Amino acid sequence: MRSCILAVVMLIAGCAHSPTYAPEDPLEPVNRAVYAFNNTADRWVLKPVAQAYVAAVPAEIRSTASRFLGNLLYPTTILNDLLQGKFAQAGRDTTRFLLNTSFGLGGLLDPATRIGWTENREDFGQTLAVWGVGDGWFLMLPFLGPSTNRDLVGRGIDVFAHPLYYAPPEVAIPLEAVDIVDTRAQLLGTEQVLAQQFDPYAFLRSAYLQRRRGLIYDGNPPPEEDDWGE
Amino acid sequence: MTRMLALLSAALIATATWAAEAPDEMVKRVSSQLQSLIAQNHAAYKADLNKFYATVDDVVVPHFDVPFIARSVLARNWRDASEEQRTRFAQAFKDMLIRSYANALLEYHDSVEAQWKPLRLAPETSDAVVHSALIRKDGKPPVNLSFAVHKVGDEWKIYDIIVENISLVQNFRGQFHAEIKRSGLDAVIARMESGAYGKPGAAGSDGGSTGP
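This is a predicted model, so every value here is computed, not measured. (Residues numbered from 1 in each chain as written. Chains lettered and ligands numbered in written order. Predicted model: local features only at pLDDT ≥ 70, side-chain atom pairs only at ≥ 80, totals over all residues. Heavy atoms only, no water.)

(A) How the structure looks around the overall build of chain B. When helices and strands are tallied, chain B shows eight helices and five strands. Starting at the N terminus and walking to the C terminus, you meet the elements of chain B as α-α-α-α-α-α-β-β-β-β-β-α-α. For chain B, with 212 residues in total, the buried portion stands at 42%. (Helix = DSSP H or I, 4+ residues; strand = E, 2+ residues; numbered from the N terminus. Buried < 20%, exposed > 50% of the residue type's maximum accessible area, 1.4 Å probe, protein only.)

See the structure below:
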C-alpha cells in the first residue's frame with residue numbers, strides 16, 4: 001500500500017515536473033563550468049602551443065608525425081574490431097597496420113590509404129555500445145573535452161591497448177605531448193565555427209553525441225525517432 | 001484571384017521544368033553550379049561578401065525547404081510562435097546560415113572534391129538521402145556529407161544537411177531551445193537579424209567572431 005502511494009506521488013511529481021530538454025545531460029551546470037574552464041585553459045596554454053607548432057614545423061613533417069602516431073595507436077582499432085565481432089574488418093585493419101609499419105617505414109608513410117585501405121576508427125567506448133551499453137550521461141571532462149559515462153570507461157580501458165602505456169616514460173611522454181598538440185593543431189580554425197553558434201556548449205554536446213552515434217554504427221545509424229515535441 | 005493564378009502558373013512552370021530531375025541530380029547540379037560561380041568570381045565575392053550572399057540566395061536557397069527547416073529547428077517552439085514570428089525566424093535563420101557558411105565556402109571550395117554515392121530511390125518515395133564524400137586534396141580522410149531531401153509538390157528540396165552524422169537541424173534545434181528558454185523567441189530573432197549571433201566574450205567564442 002505504502003509503495004503504491006509512493007508510486008502515485010512519484011507519478012504526479014513526474015507530471016508536474018516540466019521535462020528537461022536535454023535528458024542526456026543531467027550534469028549540465030557542472031559541465032558548462034568545466035567547459036568554460038577548458039576554454040580558458042585552451043586559450044592560454046594549448047591553443048598558443050598548437051599555433052606555435054603549426055608555425056614552427058612544416059606541414060609535411062606535421063602530417064608525417066600524425067601518420068606515425070595514428071599508426072602506433074592502430075592496434076586499439078584492431079582489438080576493438082575483434083571485440084565487436086568484425087572479423088573481416090579486423091583482418092583488413094591488421095594488414096593495413098602491417099603494411100604501414102613495414103613498407104610505410106613504421107607508419108611515417110601511409111601506403112595503405114593510397115591503395116584504398118582507409119583508416120577505421122574503433123575504440124572501447126564503441127565496443128561497449130555494440131555490446132548494448134547506452135550513452136549514459138553526457139560529460140564534459142576537464143582538459144579532455146566531451147564524453148559520456150560509457151566513453152569515459154572506454155577511454156580508461158583503451159589506455160591498456162595503447163603501446164605508449166608500455167613504453168618507458170622518456171619515450172611515452174614526448175610522443176604523448178606531440179599527439180595532444182597535433183590533435184589540437186588540426187582543430188585550429190574550428191573555433192570559428194564554434195564562435196558563430198548561438199550556444200557553443202549545446203552545439204558541441206549535440207555534435208559529439210551524433211558523431212559518436214555515427215561511429216558506433218559505422219556511418220549507417222538507424223533513423224532516430226524525430227520528436228519535434230508537437 | 002490574380003495572385004492565385006500567378007501562384008498556379010509558377011507551380012506549373014516549376015513542375016514542367018523540374019519534374020524529371022532526380023534528387024541526386026538536383027544536388028549535384030546546384031553544387032557544381034555554385035562551385036563554378038565561385039571559381040569564376042572568387043575575387044569579386046571576397047571583395048563584396050553581400051554579392052556572394054545574394055548569389056547563394058539565388059542559386060542555392062530555392063532548393064531548400066526553408067519553411068520546413070525553420071519549423072523543424074524550432075520544434076515545440078513553433079507551436080507557440082505567431083505567424084509573423086515564424087516568417088521572421090525562417091528569414092533570419094536562412095540569412096544566418098548563408099552568412100556563417102559563406103566564408104567557409106569561399107575559403108575551401110578548391111580544397112575538396114565531392115564524390116557522389118549512387119542513390120537508391122524506392123519507387124513512389126517522397127523522402128531520400130543523397131550521400132557524398134568530400135575528398136580532401138591534402139590527403140586527410142574524406143568527410144561524409146549527406147543531404148536529406150523530400151518532395152515538395154513535384155520538386156525535391158533539401159531539408160537537412162548531415163556532416164559525419166551530425167545533423168544541422170538537430171544541432172540547431174538544441175541550441176535554439178536553450179536560447180529561447182533563456183531569452184525568448186523575439187530576442188533570438190532580433191539577435192539573428194542583427195548579425196551578432198556569436199556571443200563575444202562568452203565561453204567558447206575564443207576564436208574571435210569576425211562580424212559581417
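Continuing now.
(B) Representation of unusual backbone geometry in the model. Residue and element names in this part refer to chain B. The phi torsion at glutamate 164 lies on the positive side, around 50 degrees, for a residue other than glycine. Its place among the elements puts glutamate 164 in the loop between β4 (155–163) and β5 (166–167). Phi is positive for asparagine 165, which is not a glycine, with a value near 70 degrees. Assignment of secondary structure puts asparagine 165 in the loop between β4 and β5.

(C) A nonpolar patch on the surface, seen in detail. Residues and elements named next belong to chain A. A cluster of nonpolar side chains, namely Leu79, Leu82, Leu83, Phe87, Val130 and Trp131, defines an oily patch on the protein surface of about 590 Å² accessible area. Counting residues per element, the nonpolar patch draws most heavily on helix α4 (residues 74–83), which supplies three residues. Summarising the element assignment, leucine 83 is placed in helix α4. (Patch = residues over 30% accessible without salt bridge, like charges linked within 9 Å, V, L, I, M, F, W, Y side chains within 5 Å. Areas by Shrake-Rupley, 256 points an atom, 1.4 Å probe, with all protein chains shown as cover. Salt bridge = Lys/Arg side-chain N within 4 Å of Asp/Glu carboxyl O.)

(D) Highlighting the sheet that holds strand β2 (residues 127–136) of chain B. Residue and element names in this part refer to chain B. One open sheet holds the five strands; their spatial order is β1-β2-β3-β4-β5, and the pairing between them is antiparallel. Unpaired on one side and paired on the other, β1 (112–116) and β5 mark the two borders of the sheet. Sheet analysis places β2 next to strand β3 (residues 143–152), joined by eight bridges and oriented antiparallel. By the bridge assignment, aspartate 127 is partnered in β3 with histidine 150. Helix α2 (residues 23–47) rests against β1, β2, β3 and β4 of the sheet, and its axis sits at about 70 degrees to β4. (Pairing = 2+ DSSP bridges. Contact = heavy atoms within 4.5 Å. Axes fitted to C-alpha atoms, helices over the stretch in contact; angles between N-to-C directions.)

(E) View of the side chain of aspartate 151 of chain A. Residues and elements named next belong to chain A. As for its position among the elements, aspartate 151 is in helix α8 (residues 149–158). Judged by its relative accessible area of 4%, aspartate 151 is buried. Side chain to side chain, aspartate 151 and tyrosine 208 meet in a polar contact 2.7 Å long. If we skip the residues at most four places from it in the chain, aspartate 151 touches Gly125, Tyr208 and Arg212. (Polar contact = N/O pair within 3.5 Å; in protein donor to acceptor, adjacent residues only side chain to side chain.)

(F) Focus on the pattern of salt bridges. Here the structure, examined in full by the defined rule, presents 26 salt bridges over all chains. Between arginine 32 of chain A and aspartate 199 of chain A there is a salt bridge whose closest N-O contact spans 2.9 Å. Taken together, the positions of arginine 32 of chain A in helix α2 (residues 28–56) and aspartate 199 of chain A in the loop between α10 (190–195) and α11 (200–216) put the pair 167 residues apart, joining distant regions of the chain. Here aspartate 199 of chain A falls in the buried class, since its relative accessible area comes to 1%. A salt bridge links lysine 86 of chain A to aspartate 218 of chain A; the shortest N-O distance between them is 2.8 Å. Here lysine 86 of chain A is found in the loop between α4 and α5 (87–102), whereas its partner aspartate 218 of chain A is found in the segment after α11, with 132 residues between them in sequence. By sharing partners, the salt bridges in this structure join Asp25, Glu28, Arg32, Asp199 and Arg205 of chain A together with Glu179, Arg182 and Arg191 of chain B into a single network.

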